[in-house]
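# Report on the structure
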Amino acid sequence: MTPPSLGKDLLGLEKLTAEQIRLVLDTAEPFKEVSERAIKKVPTLRGKTIVNLFFEASTRTRISFEFAQKRLSADTVNISSTGSSVQKGETLVDTARNLEAMRIDMVVMRHPSSGAAKFLAERIRSNVINAGDGQHEHPTQGLLDLLTIRDNFDAIDGLKVCICGDILHSRVARSNIWGLLKLGAEVAVCGPQSLLPRGIEGLGVQVFHRIEQAIEWSDVLNILRLQLERMSAGYIPSLREYYRVFGVTMERLEAAPKDLLILHPGPMNRGVEIDSRVADGPHSVILSQVTNGVAVRMAILYLLAGGEPALAEAAKRTNREGAE
Amino acid sequence: MKPLLLKGGHIVDPSQGYDAVGDLLMAEGRIEALSKGLSAPDGADVLDVTGKVVAPGLVDIHVHLREPGREDAETVATGAHAAAAGGFTSICAMPNTDPVTDNQAAVGFIVKQGEAAEAARVYPIGAISIGQRGEHLAEFGELIHAGAVGVSDDGHPVVSSHLMRTALEYSLTFGIPVADHCEDPTLFEGGAMHEGLVSSRLGLKGIPAAAEEIMVARNIMLAELTGGHAHLLHMSTRGSVELIRRAKDRGINVTAEATPHHFTLTDDACEDYDTNAKMNPPLREQDDVAAVREGLKDGTLDAIATDHAPHHYETKERDFDDAPFGIVGLETALGLGLVELVEGGVLTLPELITRMSTAPARVYDLPAGSLARGAQADVVVFDAAARWTVDPQRFRSKSHNTPFAGRELAGKVEYTIVGGRLVF
């Protein structure tokens, strides 16, 4: 049997098997420790060049990738450009070919169009990591959410996880749905119908239109950021009302039959989708998600670069011992 | 011009209910005779077409020829030759050119380029509104005088119900259809594909079926109000087909068309973000495909029209959101009709010829779609049984944007004859 691998690219969780997802999570475990050291660096990706190509504003995802790359000793270049490349006169395929011509090893890309990462991956030899494509997938976020949930429960299999908020426009929601379903969780979504994708039940998820029902049902809530422009686009009447109807508050959580684990991919709108007391409360693992994000991204970079899963432990150890 | 005799073909002419082996004689650009055992007059060319289908030349009432404006994607001449290669002898060119075909000079230009092409006949459709901006009516009288056969703002919906009403009323003077691209812009906004499970999975903004159906319903009401002839372009949903069926039952002056891709493909074709599956209206669901087929069978949908939309390859070589809508269709329409509809048991061969020739000619009152004595000698000869595989590189069209590359189709076009002269 061939050992599991991720293949050339990481484009989304929909196309990954449960085995591949577990591979990333398991490989992330040893990398967690690297970030806890005084000298947070291993030589694993020394000599590799990685381009972080961001066509959309991003702070935490880009920084998380950069830390992951630097801690693995890769050489990185950041290219940020809001608005699509087409608006700037150069098509994505030209951008990709130019980068390829500079002999890079990997591209981490965020792009406002769904499918853009796949488009790129099919046209260049370098590994492509999707850091968010339109409203499609954000696989590294999905994986770090899975890792964080796994850290807090014995198993993901059988857990009830509800994703709350703007599912329609959320790539985080789609990656979470695929990842959770593949690992055996029961998945629900909750939000106003105007922010739920048509036919979402067809993916095998349950739908709640009332946050109280979602809280009563769930073991885990993953509360999405409500993009403030959704209000001006007419999807919801006001943020004030959203908080009142869909906000995850202490009062609502206290009415639940059990304690819920609270995730949020950030950045949070405190007092809109989540009450500050919940975000800062004892069951919130929002900062653990951020910490895990670096480890998961290190694992993905390592695996795509051809690293042996079994050697991840050794890869970090060799450095500590001063050898290569 | 020498007379031309086609001998021994399987002649299918729905306009006369002819469906039998026979001979067809053309002279002076007209049909001279159609019967068994015709002998060739002196000096006539004779083609033995035994085993082949001989039918009125196909008529495509919805093509985009991109000239003037995007001659890198298509010209009137390359489009007319692509049409001839696909068995079409008459095509109607939509006015969303650059500049827009909204005045008599622009119409005259298309006519002149069409004549120079010496391939399929090219009939311009003029714009409903100046610049297709949906504000002021174009000069229908001058458009028609210059050679336009109808009006449409295709590419854009007529958003204003008042403008659509006025266009339908004004069209009564000229006896032309007003053809609308039925789309509610507020429901459509930003959409890239059909709204359904596939769009939800791919994270692409969906276009609900209601975006089309709302405007279909409106246009039917306005046709009833005015008595004008509303022609509904590229119908794609079950709801639309049912609305039109009811309207026709009530005698409302409405006609409609559907494309080969809407009777063949579903939104599953968008699965891998294939930009050649991005069209407007979008590919819908299996039930919609079934409804379109039923509509073509019972005549709710009068015509098969390709919505031939050439795009230069690099404009489709983009991420899905940024790629333009549309595919080429002239060189695959007959093959899809034969495989999907005739071999698929939906239509008989004469019914397919009705939907691809006789009926579309009637929508715009074109002198086409018949092999009756005295008709223009526009004829297609094809081998209905021959199989071929779609290779876009071999298209006569300048553009190759098709989702059907590599698909096996039936129906090899042997000859396309326009005015008694071989053009393919």
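The preceding data block contains the structure.
Structural notes, computed from the coordinates.

The rules behind the values
- Residues numbered from 1 in each chain as written.
- Chains lettered and ligands numbered in written order.
- Predicted model: local features only at pLDDT ≥ 70, side-chain atom pairs only at ≥ 80, totals over all residues.
- Heavy atoms only, no water.
- 1 Å grid on protein atoms, 1.4 Å probe; cavity = no way out; pocket = protein on both sides within 12 Å on 5 of 7 lines; lining within 4 Å.
- Points joined across faces, edges and corners; volume = space filled by probe spheres on them.
- Helix = DSSP H or I, 4+ residues; strand = E, 2+ residues; numbered from the N terminus.
- Nonpolar A, V, L, I, M, F, W, Y, C, P; charged D, E, K, R; others polar.
- Domains from an automatic or database assignment.
- Polar contact = N/O pair within 3.5 Å; in protein donor to acceptor, adjacent residues only side chain to side chain.
- Contact = heavy atoms within 4.5 Å.

Roughly 1,500 Å³ of internal volume is contained in the largest pocket. Contributing to the lining of the largest pocket are 49 residues, with Gln 135, His 169, Ser 170, Gln 227 and Arg 230 of chain A lying nearest its centre. Among the elements of the structure, helix H2 (60–71), helix H6 (171–182) and helix H8 (229–232) of chain A together with helix H5 (185–188) and helix H6 (197–202) of chain B are those that each provide at least two residues to the lining of the largest pocket. Per-element accounting of the lining of the largest pocket gives the leading share, 3 residues, to H6 of chain A. Residue classes in the lining of the largest pocket are distributed as 14 nonpolar, 21 polar and 14 charged. Of the pockets and cavities examined, the second largest pocket occupies roughly 500 Å³. Residues of the lining of the second largest pocket, tallied by class, amount to 6 nonpolar, 11 polar and 11 charged. Looking at the lining of the second largest pocket, you find at least three residues from each of domain 1 (4–53 + 376–422) and domain 2 (57–363) of chain B.

The next subject is the side chain of Glu 340 of chain B. All names here are of chain B. Among the structural elements, Glu 340 can be located in helix H11 (residues 333–342). At a separation of 3.3 Å, a polar atom in the side chain of Glu 340 contacts the side chain of Arg 407. When residues no more than four places from it in sequence are discounted, the contact partners of Glu 340 are Phe 263, Thr 264, Arg 293, Val 346 and Arg 407.

In this section: unusual backbone geometry. A cis amide bond, omega 5°, links Glu 67 of chain B with the succeeding residue Pro 68 of chain B. By secondary structure assignment, the location of Pro 68 of chain B is in the loop between strand E6 (58–63) and helix H1 (76–85). Note that the residue after Asn 280 of chain B, namely Pro 281 of chain B, is joined by a cis bond; omega there is 0°. In this structure, Pro 281 of chain B sits in the loop between strand E14 (254–258) and helix H9 (286–298). Here the phi dihedral of Arg 103 of chain A falls at roughly 60°; this positive angle occurs in a residue that is not glycine. If you trace the backbone, Arg 103 of chain A turns up in the loop between helix H3 (92–101) and strand E3 (106–111).

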